[in-house]
Amino acid sequence: MTNKKKIAVIAGDGIGPEVVAEAIKVIRKSEELFGYQFELEHGLFGGIAIDERGTPLPDDTLAMCQSADAVLLGAVGGPKWDNNPKELRPETGLLGIRKALGLFSNIRPAVVFDCLIDASTIKREVLQGTDLIVVRELTGGIYFGEKFRREGANGQEAVDTCVYSVMEVERIVRQAFEIALKRGKKLASVDKANVLETSRLWRETVNRIAADYPGVELEHVLVDNCAMQLLRRPTSFDVIVTENMFGDILSDEAAMLTGSIGMLSSASLGEGSLGLYEPVHGSAPDIASKGIANPIATILSVALMFRLSFGWEDAAAAIEKAVKNVLDAGHRTGDIATENETAIGTSAMGDLIVAAMTK
Ligand code: NAD
């Protein structure tokens, strides 16, 4: 396997360029420590691309992403473009890039750092040790099914259709089993098989694929129960896999366990190893250009990239350990600082994490 990778970097809008700059420092430090080599290519995307090129996703940016081994994205959007027509909105670019790269799963870790545990609204004893991943199907289900209005016996009706094929379920479930195999070897498949036909197909498919993964402990959890158990026993989950709408809701719920949006990383994956890595947060226009954004979500997205797209566990673990050590030493950006703590800026936090990285 080559130790050289091409990363397409699309910083985007608002705090995007600020947090991506810190992630790049971490990428460069990984080169130095582990001997990996990275070619970084930069492209315009989102609001800035609308301003400079008249489209949120210029062809050359897309081509750059398609030919890369992974994509690092900051964030897009902002009030300047909020009232634009659909084709000139930054989010349209996001949907376009996901589709063009064939990304069908969204992966969101929710890790509770001991030293930040009091930032969460949940009790310390329930949260301590929480380290889970939600794997959400991204391109099927009710969000993409046929939608229409019609006249019914009681007046106007609206219809949203939920469709899943065996192929769509199978590919994401396999991905989730593979991720579980590399972690705690536990998979919770979430559905509503007591009422939904798509969920029954989902469960049948999960059970069939489970035979290929005897080393992974599988549980089926109904979505309403999962919403409760995430708050009651979050530490008992390792990997959760679910369909699009359930995953949309559960991944936000799981995110809130950790307390701060500035800490949450994510990956979107397709069939091969190419993935798109980005913080969960948006472009935070309220704090843009102030140098105070928390870069940790983006930095942890780089760790995810190294692990999931490149299989470079050493560098991924080094980044995660450095983040933990810096937080344990008491360093905080404004979003995670308590009243008695002095907040540091975006680039100071990036520098501390780089300095804490060791082989
Ligand atoms: P947001 O995530 O940008 O901000 C929500 C709140 O969290 C704000 O108070 C912000 O200051 C704070 N925050 C977010 N990230 C932070 C960080 N790293 N450090 C410190 N504080 C942070 O969500 P929003 O305000 O609803 O959306 C702003 C813009 O971002 C909108 O245009 C929206 O469409 C876009 N957006 C983009 C993405 C994406 O690029 N994937 C995702 C969500 C929202």
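Scroll up for the structure.
Structural notes, computed from the coordinates.

What counts, and at which threshold
Residues numbered from 1 in each chain as written. Predicted model: local features only at pLDDT ≥ 70, side-chain atom pairs only at ≥ 80, totals over all residues. Heavy atoms only, no water. Phe/Tyr/Trp six-rings, centres within 6.5 Å; stacked < 30°, edge-to-face > 60°. Helix = DSSP H or I, 4+ residues; strand = E, 2+ residues; numbered from the N terminus. Buried < 20%, exposed > 50% of the residue type's maximum accessible area, 1.4 Å probe, protein only. Axes fitted to C-alpha atoms, helices over the stretch in contact; angles between N-to-C directions. Parallel < 35°, antiparallel > 145°, perpendicular 65-115°, else oblique. Left-handed = near helix turned anticlockwise from the far one by under 90°. Contact = heavy atoms within 4.5 Å. Nonpolar A, V, L, I, M, F, W, Y, C, P; charged D, E, K, R; others polar. Salt bridge = Lys/Arg side-chain N within 4 Å of Asp/Glu carboxyl O.

## Focus: the packing of aromatic side chains
Alright, step 1. Tallied over the entire structure, the rule returns ten aromatic pairs.
Alright, step 2. A centroid spacing of 6.0 Å and a plane angle of 75° characterise the contact between tyrosine 164 and tryptophan 202, whose relative ring orientation is edge-to-face. Of this pair, tyrosine 164 sits in the loop between strand E7 (155-160) and helix H6 (166-181) while tryptophan 202 sits in helix H7 (residues 197-210); the two residues are 38 residues apart in sequence, bridging distant segments of the chain. For the pair tyrosine 164 and tryptophan 202, one class covers both residues: buried.
Alright, step 3. An aromatic cluster is present here, built from Phe34, Tyr36, Phe38, Phe306, Phe310 and Trp312 joined pairwise through their rings.

## Observations concerning the packing of H6 against H7
Alright, step 1. The geometry of H6 relative to H7 is characterised by a closest axis approach of 9 Å and an angle of 45° between their N-to-C directions. Comparing their axes, H7 and H6 come out oblique. Considering the relative orientation of H6 and H7, their crossing is right-handed. Here H6 contributes Val166, Val169, Glu170, Ile172, Val173, Arg174 and Phe177 to the contact with H7, which in turn contributes Leu201, Trp202, Thr205, Val206, Arg208, Ile209 and Ala210.
Alright, step 2. By residue class, the composition of the contact of H6 with H7 is ten nonpolar, one polar and three charged.

## Focus: the pattern of salt bridges
Alright, step 1. Under the criterion given, the structure shown has 27 salt bridges.
Alright, step 2. Taking the shortest distance from any N to any O, the salt bridge between glutamate 32 and lysine 29 comes out at 3.7 Å. In this pair, glutamate 32 and lysine 29 are both assigned in helix H1 (residues 16-34), three residues apart and thus about one turn of the helix distant.
Alright, step 3. Relative accessible area serves as the criterion here: at 62%, glutamate 32 is assigned to the exposed category.
Alright, step 4. For the salt bridge of arginine 108 with aspartate 252, the shortest nitrogen-to-oxygen distance reads 3.3 Å. With arginine 108 in strand E4 (residues 105-111) and aspartate 252 in helix H9 (residues 244-257), the pair connects residues that are 144 residues apart, well separated along the chain.
Alright, step 5. Relative accessible area serves as the criterion here: at 13%, arginine 108 is assigned to the buried category.

Function-wise, these values are silent; they only describe arrangement.
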